[in-house]
Amino acid sequence: MSRILATARSEFLIALRNRWVSIAVAMMVVFSLVLSAAGSAPTGALGADRLSVTVASLTSLAVYLVPLVALLMSFDGVAGEVERGTLPLLLTYPLSRAELLTGKLFAHVAVLTFAVAAGYGSAALSAIATDSAALAGTPALWRLFWTSILLGAAFLCLGYALSALAQRPSGAAGLAIGLWLAMIVLYDLGLLAAIVADGGGWFTTELFPWLLIGNPADAFRLYNLAASEATAAAAGIGGAANAIPPMHALVSMLAWPVLALGAAVLIFRRITP
Amino acid sequence: MMQTLTLSRLTKRYRDTEALRDVSLDVAPGERVALLGHNGAGKSTLMKIILGLISFDSGEVQVLGAAPGSGPARAGVAYLPESVAFHPALTGLEQIRHYLRLRGEPARLASELLARVGLADAGRRRIGTYSKGMRQRVGLAQALIGHPRLLVLDEPTSGLDPVSRRDFYALLDGLAAEGASVLLSSHALTEVEARTDRLVILSQGRLVTQGSLSDLRRQADLPIMLHVTPRTGASGRLAEALPQGRMNGTALHMSCGQDEKLATLSRIAGLGEIVSDVDVTPPSLEDIYSHFSRRDGQ
Ligand SMILES: Nc1ncnc2c1ncn2[C@@H]1O[C@H](COP(=O)(O)OP(=O)(O)OP(=O)(O)O)[C@@H](O)[C@H]1O
Ligand SMILES: [Mg+2]
């Protein structure tokens, strides 16, 4: 454990020096504020408080932004050590490869936590400032916060796996962008196309819900929307959300970081320094 | 007494090259061993195998009585890689603190370690701003952490200035006196010869010989060079008296085997007044080294 913490400490210092902390925080704050300002119009029509509506908008934002920030921080994780030539020395220390990756994960999760807290916090403050009933949305905000960290952890670990697979930062960056496009953008489009083609058949009723929670980003969206009627209505995919128990989505979100970290360690073990 | 390091019949093949072949080597506690050999002889490969960084094809390796790369081996072995690198965003102190924590040592020892390698003033600057020699010293500092029982140093003095080299070997003497074994590779023959207990010469992945310099000198049995200076006007007679020699300007050059040395010298002494001086040049370190380290076709 002390070796994991030592690694986390140095990695956090490096993230601070490389401006990753400030970049991540700035990105989250700017996008959150822009979104909460843009989403302030339809409050009365839905009969929900201002903060719950903000949370709904933030959920859609987080699905795109949190995996992106996580992948940006992690794609260099293994490939960067290989490229700099720091890996051979590090691996002669009494430090296992799993410990090394876990240490990096701790540090990057900490950075992500700062960024998410700053972003959501500023959006929440602006909602509460203009609507006294907004405090009713606090549980939804809290849920969004910790599920965002889980989502980020999943994509951090996926980033390490890609980094170990590519062994070069440029290749790892390409793979990371590809993964983001495939899992965040194309996956949903593909499912939508399949539903349209299927026309309410077996695919739509049986397979589709599983495919939806199988993707950590969709599981994240489902879990947050299912937990709140108002936000589900705001996001417009309440139908799909209702078909799947939120517990399943939660299990998927918890399993992804663990499985992805395991995969990253296995791939990392195959690298000869 | 248990050997710190035992290699027996170690063989390592890369896809098309045989990097090491049947290498057997023991290193005792407190012994300083220098690994010499041409570029590509297999020195770095041998070291990486000892550290458990790469696998080998056949043979046996025991490091501190354990398998290379295992827990006990890692805990007792320090390594300085050939071209050591660190994260440029960290300062020297932060980097050494990190390594101290990984070895379970208190982080406050970092400034003391940097002072030992002469980096006390630069510790707060980022490693990205360091010169090559300064990075090499950070590498040395991390190899001193936690009293290692075996230090594996791949070209430790490359990039160091002459004074730092002397300080480095003084540091090694101290470590060896405390019982640590040192295996280092180098291309600087003179410094290695004076400051280590044993030379090991690798050539094309094979261990061609090992021993102290005088052992190797005896084994190589290279001829001794003699330079005989005649008295003025006697060079013609000297050339007649020593027909195996070659007259070159002012002196006569000739060589003789180790075992003929005394006989030859007494013959020259017997020539009397036509000889004004004799210089005897034993084979140089470079001569002995290249005798053993010849590559095919050379
Ligand atoms: N990863 C690798 N893949 C294939 N061949 C390799 C690899 N690493 C080393 N070799 C080969 O193994 C041989 C030994 O290389 P090694 O690095 O051990 O030499 P060295 O004695 O350290 O040389 P130098 O004095 O230049 O540092 C060389 O022929 C080299 O080309
Ligand atoms: Mg080498």
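As the structure is a prediction and not an experimental result, all values here were calculated from the model.

Rules behind the numbers
Residues numbered from 1 in each chain as written. Chains lettered and ligands numbered in written order. Predicted model: local features only at pLDDT ≥ 70, side-chain atom pairs only at ≥ 80, totals over all residues. Heavy atoms only, no water. Helix = DSSP H or I, 4+ residues; strand = E, 2+ residues; numbered from the N terminus. Buried < 20%, exposed > 50% of the residue type's maximum accessible area, 1.4 Å probe, protein only. Contact = heavy atoms within 4.5 Å. Buried area = accessible area lost by both parts, 1.4 Å probe. Salt bridge = Lys/Arg side-chain N within 4 Å of Asp/Glu carboxyl O. Nonpolar A, V, L, I, M, F, W, Y, C, P; charged D, E, K, R; others polar. Donors = N, O, S within 2.8 Å, 3.2 Å for Na, K, Ca; no water. Pairing = 2+ DSSP bridges. Axes fitted to C-alpha atoms, helices over the stretch in contact; angles between N-to-C directions.

Some remarks on the environment of Gly 249 of chain B
Then, in step 1: For Gly 249 of chain B, the position within the fold is in the loop between strand 11 (246-248) and strand 12 (251-256).
Then, in step 2: In this structure, the C-alpha to C-alpha distance between Gly 249 of chain B and Ser 235 of chain B, residues 14 residues apart in sequence, is 9.5 Å.

Looking at the environment of Met 254 of chain B
Residues and elements named next belong to chain B.
Then, in step 1: Mapped onto the elements of the fold, Met 254 is located in strand 12.
Then, in step 2: With a relative accessible area of 3%, Met 254 lands in the buried category.
Then, in step 3: Spatially, the C-alpha atom of Met 254 lies 8.7 Å from that of Leu 242, the residues being 12 residues apart in sequence.
Then, in step 4: Every residue in contact with Met 254, bar those within four places of it in the chain, is listed here: Ile 224, Met 225, Leu 226, Leu 242, Gln 244, Gly 245, Thr 264 and Ile 268.

Observations regarding the interface of chain A and chain B
Then, in step 1: Taken residue by residue, the interface counts 22 residues in chain A and 24 residues in chain B.
Then, in step 2: Summing both sides of the interface, chain A and chain B together bury roughly 2,300 Å²; the carbon and sulfur share of this comes to 63%.
Then, in step 3: When the area that chain A buries against chain B is broken down by residue, the three leading residues are Arg 17, Leu 89 and Tyr 93 of chain A, summing to 30%.
Then, in step 4: Where chain A meets chain B, there are 1 salt bridge.
Then, in step 5: Ionic pairing is found between Arg 17 of chain A and Glu 94 of chain B, a salt bridge with its closest N-O pair at 2.8 Å.
Then, in step 6: Secondary-structure elements contributing two or more residues to the side of chain A that touches chain B are helix 1 (2-17) and helix 6 (87-90) of chain A.
Then, in step 7: By residue number, the principal contributor to the side of chain A that touches chain B is helix 1 of chain A, which donates 8 residues.
Then, in step 8: Class assignment for the residues of the side of chain A that touches chain B results in 11 nonpolar, 7 polar and 4 charged.

Notes on the coordination of the magnesium ion (ligand 2)
Residues and elements named next belong to chain B.
Then, in step 1: Only Ser 44 (OG) and Glu 82 (OE) from the protein coordinate the magnesium ion (ligand 2), and they sit 1.9 to 2.2 Å from it. With Ser 44 in helix 1 (residues 43-50) and Glu 82 in the loop between strand 5 (77-80) and helix 3 (92-102), this residue pair connects regions lying 38 residues apart in the sequence.
Then, in step 2: Classification of Glu 82 by relative accessible area gives partly exposed; the value is 38%.

As for the pairing of strand 10 (residues 224-230) of chain B
All names here are of chain B.
Then, in step 1: Alternating residues of strand 10 divide into Ile 224, Leu 226, Val 228 and Pro 230, all buried, and Met 225, His 227 and Thr 229, none buried.
Then, in step 2: In this structure, strand 10 lies alongside strand 13 (residues 275-281), joined through 6 bridges in antiparallel fashion. Bridging across to strand 13, Pro 230 finds its partner in Val 275.

Things to note about the sheet that holds strand 3 (residues 32-37) of chain B
Residues and elements named next belong to chain B.
Then, in step 1: Strand order in the open sheet formed by 6 strands is 5-6-7-3-8-9, with mixed pairing between adjacent strands. The open sheet terminates on both sides in strands that have one partner only, identified here as strand 5 and strand 9 (206-211). Across the sheet, the mean angle separating the axes of adjacent strands is 15 degrees when strand polarity is ignored.
Then, in step 2: Where strand 3 meets strand 8 (residues 198-203), 5 bridges bridge the pair, whose relative direction is parallel. In the sheet register, Val 33 faces strand 8, and the bridge partner there is Arg 198.
Then, in step 3: Here helix 8 (residues 213-220) sits on the sheet in contact with strand 8 and strand 9, set at roughly 115 degrees to strand 9.

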